[in-house]
Amino acid sequence: MTQNDPLKVAVIGGDGTGPEVAAEGVKVLEAVAAMEGIPCELADFDYGGDRYLSTGEVLPDGAIEELGKFDAILLGAVGHPDVPPGILEKGLLLELRFAFDQYINLRPVKLYPGVETPLAGRGPDDIDFVVVRENTEDMYAGVGGFLKKHTPDEVALQTAVYTRKGCERCIRWAFEYTRKRNQRKFLTLVAKTNVLTYGHDLWQRTFDDVAKEYPDVKTDYNHVDACCMWMVKNPDFYDVIVTTNMFGDIITDLAGIIQGGMGVAAGGNINPEPGGTSMFEPMGGSAPKYTGKKMINPIAAVSAAQLMLETL
């Protein structure tokens, strides 16, 4: 989109409390758009557990093409108590990430004033970093299968996939983001090169090659287990982290807890290319037992809307 184009946003409220928090995010999005003179066009889509239970399909035919007409998707949450785990997550979340090549997962980790953290003696000045997670490869590529399933000799294979292109475009985006974020300009690669000696060797070599083009950005490396320790012990050490899909999935949940809980965490699934469709969401889940009780803090959905505007 250009500065004069309308911002076209598809809203998928989803399941449980998802529609409630998404509605609050929409209110803020519309208010800011009006204040800043940004034309904003929104459309609602009923994709989620209830639709799946009534129709047997997660995304209907033509859904990808329809959603691809939008600049961004604002997602409330998916997760329905009557739908087996994995169906909605794979059929909606992962399907959209892969279909729209949303190869950047951006997770700001910021402790807001007045929000409690489980880290003793830490405050907002100590917890303010960003995790850039590769979002379309690794274990999530879906490469694998079963041999002799449901027998005593069963074998299951789940293969991690890493490509030079996938590593480089994520790492390069992270360097650009780090350069613009603040004056620290400090980027840490998180991987496990001492054990995962093929795929993560590719990550390390790609990181080192791209780093040569960014002499103004200071770099570091952490094994993922060390990162988990340092994130708790010294969260102020980090500025921007770039990491793989699987490790990013894990460490961002830890990061969410230290910023006050998953209910205040927001994230973006971003296709940075011109014309790409990105998706922004609160990370706290659908919390179905609280549906309709207006007990869920919508700040994460508001932050998702803010992240959308900042990114686009």
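All values reported here derive from a predicted model rather than from experimental measurement.

Thoughts on the layout of surface pockets
At step 1: Taken as a whole, the largest pocket encloses approximately 710 Å³ of empty space.
At step 2: For the largest pocket, the lining is made up of 31 residues, of which Glu89, Leu93, Leu94, Arg97 and Tyr140 are closest to its centre.
At step 3: Put simply, the parts of the chain that give the lining of the largest pocket at least two residues each are β3 (72-77), α4 (87-99), β4 (104-110), β6 (138-147), β7 (155-161), α8 (245-258) and β12 (278-282).
At step 4: Its residues assigned to classes, the lining of the largest pocket shows 14 nonpolar, nine polar and eight charged.
At step 5: In this structure, the second largest pocket spans a volume of roughly 440 Å³.
At step 6: Trp173, Ile270, Pro272, Thr311 and Leu312 are the residues nearest the centre of the second largest pocket, which is lined by 18 residues in total.
At step 7: No other element matches the four residues that helix α5 (residues 164-181) contributes to the lining of the second largest pocket.
At step 8: The class makeup of the residues in the lining of the second largest pocket is eight nonpolar, five polar and five charged.

As for the nonpolar core
At step 1: Formed by 38 residues in total, the largest nonpolar core has its most connected members in Ile104, Leu106, Val132, Ile171, Phe175, Leu187 and Val242.
At step 2: Sorting elements by how many residues they give to this core places α5 first, with seven residues.
At step 3: If you look at the next biggest cluster of nonpolar residues, it comprises 19 residues, including Leu75, Val83, Leu93 and Phe100.

Here's the deal with a nonpolar patch on the surface
At step 1: Together, Leu147, Val155 and Leu157 line one region of the surface with nonpolar side chains, adding up to about 270 Å² of accessible area.
At step 2: Position of Val155 relative to the elements: it lies in strand β7.

Regarding the packing of aromatic side chains
At step 1: Tallied over the entire structure, the rule returns nine aromatic pairs.
At step 2: Seen in terms of ring centroids, Phe45 and Tyr47 are 5.6 Å apart; in terms of plane orientation they differ by 35°. Their pairing is tilted. For the pair shown, Phe45 and Tyr47 are each scored as buried.
At step 3: Grouped by ring-pair contacts, the aromatic residues Phe129, Phe186, Trp230, Phe237 and Tyr238 constitute a single cluster.

Considerations on unusual backbone geometry
At step 1: With phi around 65°, His150 is a residue other than glycine that occupies positive phi space.
At step 2: Locating His150 in the fold gives a position in the loop between β6 and β7.
At step 3: Phi angles above zero are rare outside glycine, and Lys185 is one such case at about 50°.
At step 4: Positionally, Lys185 belongs in the loop between α5 and β8 (186-191).

Calculation rules
- Residues numbered from 1 in each chain as written.
- Predicted model: local features only at pLDDT ≥ 70, side-chain atom pairs only at ≥ 80, totals over all residues.
- Heavy atoms only, no water.
- 1 Å grid on protein atoms, 1.4 Å probe; cavity = no way out; pocket = protein on both sides within 12 Å on 5 of 7 lines; lining within 4 Å.
- Points joined across faces, edges and corners; volume = space filled by probe spheres on them.
- Helix = DSSP H or I, 4+ residues; strand = E, 2+ residues; numbered from the N terminus.
- Nonpolar A, V, L, I, M, F, W, Y, C, P; charged D, E, K, R; others polar.
- Core = buried A, V, L, I, M, F, W, Y, C linked by side-chain atoms within 4.5 Å.
- Buried < 20%, exposed > 50% of the residue type's maximum accessible area, 1.4 Å probe, protein only.
- Patch = residues over 30% accessible without salt bridge, like charges linked within 9 Å, V, L, I, M, F, W, Y side chains within 5 Å.
- Areas by Shrake-Rupley, 256 points an atom, 1.4 Å probe, with all protein chains shown as cover.
- Salt bridge = Lys/Arg side-chain N within 4 Å of Asp/Glu carboxyl O.
- Phe/Tyr/Trp six-rings, centres within 6.5 Å; stacked < 30°, edge-to-face > 60°.

Take it as geometry only, folks, not as evidence of what the structure does.
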